[in-house]
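Residues per chain are reported as follows:
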Amino acid sequence: MNTEQKSFLALDQGEDFGALLDTFFRGQKSLERCLAKGYIREVGDEDVRVDVRSETDAYISEGYIPLKEFKGHDDHLPTVGDVVDVYIERFEGRDGEIVLSYERAKREAAWRELEESHEKNEIVEGVIFGRVRGGFTVNIKGIVGFLPGSQIDVRPVKDLAPLMDVKLQFRLLKMDRLRNNIVVSRRAVMEDSRSESRAELFSRLQEGQIVRGEVKNITDYGAFIDLGGVDGLLHITDISWQRIQNPRDVLSVGQELDVRIIRFNRETGRVSLGLKQLKEDPWDRVAEKYPVGSRVKGRVTNVTDYGAFVEIESGIEGLIHVSEMSWSKKSTQPARLLSTSQEVEVEVLELDQGRRRLSLGIKQCQQNPWEVIQKDFPVGTVLERKVRDITGFALFVEVFGDVDGIVHAADLSWDKSDADALAAYAKGDPIRVKVLRVDPEKEQVVLGVKQLSDDPESQKRKSLRKGDIVTCVITKVVDQGIEVSFGDDGVTGFIRRGDLSRDRSEQRADRFAVGEKVDAKIMSLEAGSSVSLSIKARELEEERELMSKHGSSDSGATLREILGVSAGLAGEASSETKDTKASSPSPKK
């Protein structure tokens, strides 16, 4: 018995007709926007006639569904007798007929199925079919979902072509039917799978074990290797025995390689990997292959302010300190002497195998110029060279190869000042010099120009002796003393302030004047410098002479008394002379 029959039966039994009619329409309203069963009775050119029945198979109504809704799905075209799901949108449309939809029924069924999967946290299947801003579009049971770019894989994916238009597994992250919004993740499915294999892998990993992995990510300090559910760090220092500036130079994302587990912490889950440990350590035989004193060719790998690193074999580098690069260019920057990738010959100077340190030298492979200079240019050798550089205190003159000799300004001229002597030269000028000193230990050659001729002052001093008393004429008064000249040739000399008098109170330069004459004792006649004289020394010498002539230490007489006796004796001698002259008869006229 259908609803209409029940209504009429109730009416015959005396129930209110209005109440029955209201109940009928409320039943219809409750079925709107719901799923129902549809029995296909007729298939036309544009429409399909359907009998709509409830879940209890009670007849509800008859309606029509556009045929194109069936063509939009993978299902076969309907035939009479087929039973399909239909969606009741309204019981009365514009034409007073029930409005049905096959598409909405499929969509509603899919939403219900997905909501159930979401509640149970089940995995669903879908197809990535398009790209949108921030991610991708996925077809899941006919409903379009959104796959964020960060949720497509556990690692960055460069090529997405293999993932497009194929069935993949996803996990539902978010569902909002009102906004028609579904967010899915493929990464969550992969992580679940990895977590299962991770626990199994952890139970099998051991230090020293060789495993195969795939490069997952590369940083400046190394690379992360996927071992199949577990990520391990391959540090830059464990990639190769030789120096590596950037891991990207030898590794690439997606590359498969064998690595050795060098450290494994089960508590923290950290795995440290090594690639170079798969090969023999070149330092194991370095002492045998490169003993101290041996020479070998290598390639410059890096240049610093303090030297350069040279690779003599893959994985073996040594340092050439800047002091071991050249015999002569000590203060030159290493970058001016060597460049990266340059091939050089070096000598092993020192080896510390335990600390993996190798000291190398370049200059030891070259001729030592100091041995040549010491042998071929002894002191007194006269050279004709060129001025290489000029400073405020000296000239630098090329001697042999890159070795320069120094000519101090004081060794340029006998009579000119240092500034005037330096001003007479320019870079590149030819110059004639004499070797004054060679010091291989200090790596220094001292040269002179004025030594090519005799010192004019030395000619004047030939007749002078140390200790002579001379009469000098003051030519200049300065705070430190007085400058004087003496002799027929005008020999120059200097009396220091401390030598101006034996009495400290009289040791003042301002009590003398230019042109005044003084007697002084010659103290020094060293070549290349002024004659050193002393008034103080002369006074002390005269005092000693008087003491020895007129007194002694036993008599107790003072110098003043001795000087007085000397003066008295001189006066008596003068008086006797006068008396003799007075008593003698005058000459006759």
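Residues numbered from 1 in each chain as written. Predicted model: local features only at pLDDT ≥ 70, side-chain atom pairs only at ≥ 80, totals over all residues. Heavy atoms only, no water.

Chemist: Help me understand the overall build of the protein chain, please; the structure alone is not making it clear to me.
Modeler: Along its length, the protein chain carries 12 helices and 30 strands. Residues counted as buried form 35% of the 589 residues belonging to the protein chain. Counting only contacts in the protein chain whose residues sit at least 6 apart along the sequence, the fraction spanning at least 24 positions is 56%. About 35600 Å² of surface is accessible on the protein chain, with carbon and sulfur atoms providing 46% of the total. (Helix = DSSP H or I, 4+ residues; strand = E, 2+ residues; numbered from the N terminus. Buried < 20%, exposed > 50% of the residue type's maximum accessible area, 1.4 Å probe, protein only. Contact = heavy atoms within 4.5 Å. Areas by Shrake-Rupley, 256 points an atom, 1.4 Å probe, with all protein chains shown as cover.)

Chemist: What is the right way to read the sheet that holds strand E11 (residues 210-219) from this model?
Modeler: Strand pairing in a sheet relies on backbone hydrogen bonds, with the paired strands running either antiparallel or parallel. An order of E11-E12-E13-E15-E14 is seen for the 5 strands of this closed barrel, with the pairing classed as mixed. Looking at each pair of strands side by side, their axes are set apart by 50 degrees on average, direction ignored. Strand direction decides the pairing type here: strand E12 (residues 222-226) and strand E13 (residues 231-235), joined by 5 bridges, are antiparallel. Considered in E13, the bridge of Ile225 is made with Gly232. (Pairing = 2+ DSSP bridges. Axes fitted to C-alpha atoms, helices over the stretch in contact; angles between N-to-C directions.)

Chemist: Would you take a moment to explain the pairing of strand E6 (residues 123-132) for this structure?
Modeler: Within a regular beta strand, the side chains point alternately toward one face of the sheet and then the other, so they alternate between its two faces. Bridging between E6 and strand E9 (residues 167-176) involves 5 bridges; their strand directions are antiparallel. Note on E9: the bridge partner recorded for Val124 is Phe170.

Chemist: Mind showing me how you'd approach the nonpolar core here?
Modeler: For soluble globular proteins, nonpolar side chains are generally found buried alongside one another. Counting residues in each nonpolar core, the largest one holds 22 residues, and the members touching the most others are Leu205, Ile225, Leu227, Val271 and Leu273. Sorting the residues of this core by element identifies helix H5 (187-204), E11, E12, strand E14 (256-265) and strand E15 (270-274) as the ones contributing at least two each. The greatest single-element share of this core, amounting to 4 residues, is contributed by E14. Sequence-distant contacts of Ile225, defined by excluding residues within four places in its chain, comprise Gly213, Glu214, Val215, Lys216, Val230, Asp231, Gly232, Leu234, Leu257 and Leu273. Among the nonpolar cores identified, the runner-up in size contains 21 residues, and Val387, Ile431, Val433 and Val449 belong to it. (Core = buried A, V, L, I, M, F, W, Y, C linked by side-chain atoms within 4.5 Å.)

Chemist: Honestly, helix H8 (residues 369-376) in this entry has me stumped. Any pointers?
Modeler: It helps to recall that an α-helix has 3.6 residues per turn; residues three or four apart then point in one direction. For H8, the complete set of buried residues consists of Pro369, Trp370, Val372 and Ile373. Each buried residue of H8 sits inside an arc of 160 degrees when the element is viewed along its axis, so together they form one side. Looking at H8, the residues exposed on the side facing more than 90 degrees away from the buried face are Glu371 and Lys375. Where H8 is buried, its residues contact strand E22 (394-400), strand E23 (403-408), strand E24 (430-439) and strand E25 (444-448). Among the residues of H8, the N-terminal cap falls to Asn368, whose side-chain oxygen and the backbone nitrogen of Trp370 are separated by 3.0 Å. (Arc of directions from axis to C-beta. Polar contact = N/O pair within 3.5 Å; in protein donor to acceptor, adjacent residues only side chain to side chain.)

Chemist: In this structure, what is going on with the pairing of E23? I would like to understand it.
Modeler: Across 6 bridges, the pairing between E22 and E23 is antiparallel. Bridge assignment links Phe400 to a residue of E23, and that residue is Val403. Where E22 hands over to E23, the hairpin turn is made up of 2 residues, of which Gly401 adopts a positive phi near 60 degrees. Examined bridge by bridge, E23 and E25 share 2 bridges and lie parallel to one another. Bridge pairing in E25 places Val407 opposite Leu447.

Chemist: Quick question: what am I supposed to make of the sheet that holds E23 here?
Modeler: The mixed closed barrel is built from 5 strands, whose spatial order is E21-E22-E23-E25-E24. On average, adjacent strands in this sheet sit at an angle of 55 degrees to one another, irrespective of strand direction. Here 5 bridges tie E24 to E25, and the two strands are oriented antiparallel to one another. From the neighbouring strand, Val435 faces E25, where its bridge partner is Leu447. Of the strands in this sheet, E22, E23, E24 and E25 touch H8, which is tilted by about 95 degrees from E22.

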